[in-house]
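Topology and contacts: notes
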Amino acid sequence: SSGREGAADELEREVEADGRQLALARREGEEDEARRKRQMAELEKERQKRLSQEEEARLKVLAELERSQMPAVCGEGGLLQKTIEHYTFADSEDVATIAIELDKDLFEGAGQFISEQSVEVSAKDTEVTILLHGVP
């Protein structure tokens, strides 16, 4: 009888020890996870700060430049060709949206000469060409 009690006590101590080890391992795992999350948050914060600084520097450079540095040139067939270096775009996997402020990017009043029929768009894998017909 005392042998069984001794074995039962030993088993109970082993179960308690296993339980403590599991609790310790769980706590260590939770602490590791919390530490990883903090590190990831710090890295993201640094990345956002760096991006913010880069965007701020880019905007400062653009503000110091004239609105349109690229002069219009005579292209194929005598057409006037102008590279627009300031534009806005938003894209997704399947769609790229480009916004051009005609009065700012071309010349003041350019918007009055543009209609849907005067715009021709040609898209390739690496470039987009937008032709505006009938613009003086």
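Reference entry: report on the structure contained in this document. The numbering scheme is per chain: residues are counted from 1 as the chain's sequence reads. Selection of residues for local features in this predicted model requires a pLDDT of at least 70, selection of side-chain atom pairs for listing and counting requires 80 or more, and totals for whole chains, interfaces and linings are taken over all residues. As a convention, hydrogens and water are excluded, and side-chain values are obtained from all of the structure's heavy atoms.

Re the overall build of the protein
- Each helix corresponds to a stretch of at least 4 residues labelled H or I by DSSP, and each strand to a stretch of at least 2 residues labelled E; elements are numbered beginning at the N terminus. A tally of helices and strands in the protein yields 2 helices and 6 strands.
- Listing every helix and strand of the protein by position from the N terminus yields α-β-β-β-β-α-β-β.
- Three exposure classes are used, based on accessible area relative to the maximum for each residue type with a 1.4 Å probe and protein chains only: buried under 20%, partly exposed in between, and exposed over 50%. Considering the protein as a whole, with its 136 residues, one finds that 5% of them fall into the buried category.
- Of the contacts formed within the protein by residues at least 6 apart in sequence, a portion of 15% connects residues at least 24 apart. The contact definition used throughout considers only heavy atoms, calling two residues in contact when any of these lie within 4.5 Å.

A closer look at the pairing of strand β5 (residues 119–123)
- Each pair of strands is called paired provided DSSP finds at least two bridges between the two strands. Where β5 and strand β6 (residues 128–132) come together, 5 bridges link them in antiparallel fashion. Counted as the bridge partner of Glu120 is Leu131 from β6.

Section: a negative patch on the surface
- Two joining distances apply to patches: 9 Å for like charges and 5 Å for nonpolar side chains (Val, Leu, Ile, Met, Phe, Trp, Tyr), and every residue must have over 30% relative accessible area and no salt bridge. Method for areas: the Shrake-Rupley scheme with a 1.4 Å probe, in which residue coverage is limited to the protein chains shown. We define a salt bridge as a contact between a side-chain nitrogen of Lys or Arg and a carboxyl oxygen of Asp or Glu at a distance within 4 Å. Two residue types count as positive, namely Lys and Arg, and two as negative, namely Asp and Glu; His and chain ends fall outside the count. Charged side chains are reduced to one point each, which is NZ for Lys, CZ for Arg, CG for Asp and CD for Glu. A contiguous patch of negative charge, built from Glu5, Asp9, Glu12 and Glu16, is present on the exposed surface.
- Position of Glu5 among the secondary structure elements: in helix α1 (residues 2–64).

As for the side chain of Ser118
- Its location among the elements puts Ser118 in the loop between α2 (102–105) and β5.
- Exposure remark for Ser118: the relative accessible area of 8% places this residue in the buried category.
- For the purposes of these results, a polar contact is taken to be a pair of N or O atoms within 3.5 Å, where, inside protein, one atom must be able to donate a hydrogen and its partner to accept one; residues adjacent in sequence count only when each atom of the pair is a side-chain atom. One polar contact links the side chain of Ser118 to the main-chain carbonyl oxygen of Ser115, over a distance of 2.8 Å.
- For Ser118, the contacting residues outside a window of four places in its chain are Phe113, Leu131, Leu132 and His133.

Remarks on the pattern of salt bridges
- One pass over the structure, following the stated rule, counts 4 salt bridges.
- The shortest N-O distance in the salt bridge between Arg13 and Glu10 comes to 2.9 Å. Of this pair, Arg13 and Glu10 are both found in helix α1, 3 residues apart, which corresponds to roughly one turn of the helix.
- The class for Glu10 is partly exposed, based on a relative accessible area of 36%.

What to know about a nonpolar patch on the surface
- Taken together, the side chains of Ile98, Val119, Val121, Val128 and Ile130 present a nonpolar region at the surface, about 370 Å² in accessible area.
- Elements with a minimum of two residues in the nonpolar patch: β5 and β6.
- In this fold, Ile130 is placed in strand β6.

Focus: the environment of Asp103
- Take Asp103: it is sitting in helix α2.
- Residues within four places of Asp103 in sequence aside, it is in contact with Glu108, Gly109, Ala110 and Gly111.
- Polar contacts involving the side chain of Asp103 include one to the main-chain amide nitrogen of Ala110, which spans 3.0 Å.
- Within the structure, Asp103 has its side chain in polar contact with the backbone nitrogen of Gly111 (distance 2.9 Å).

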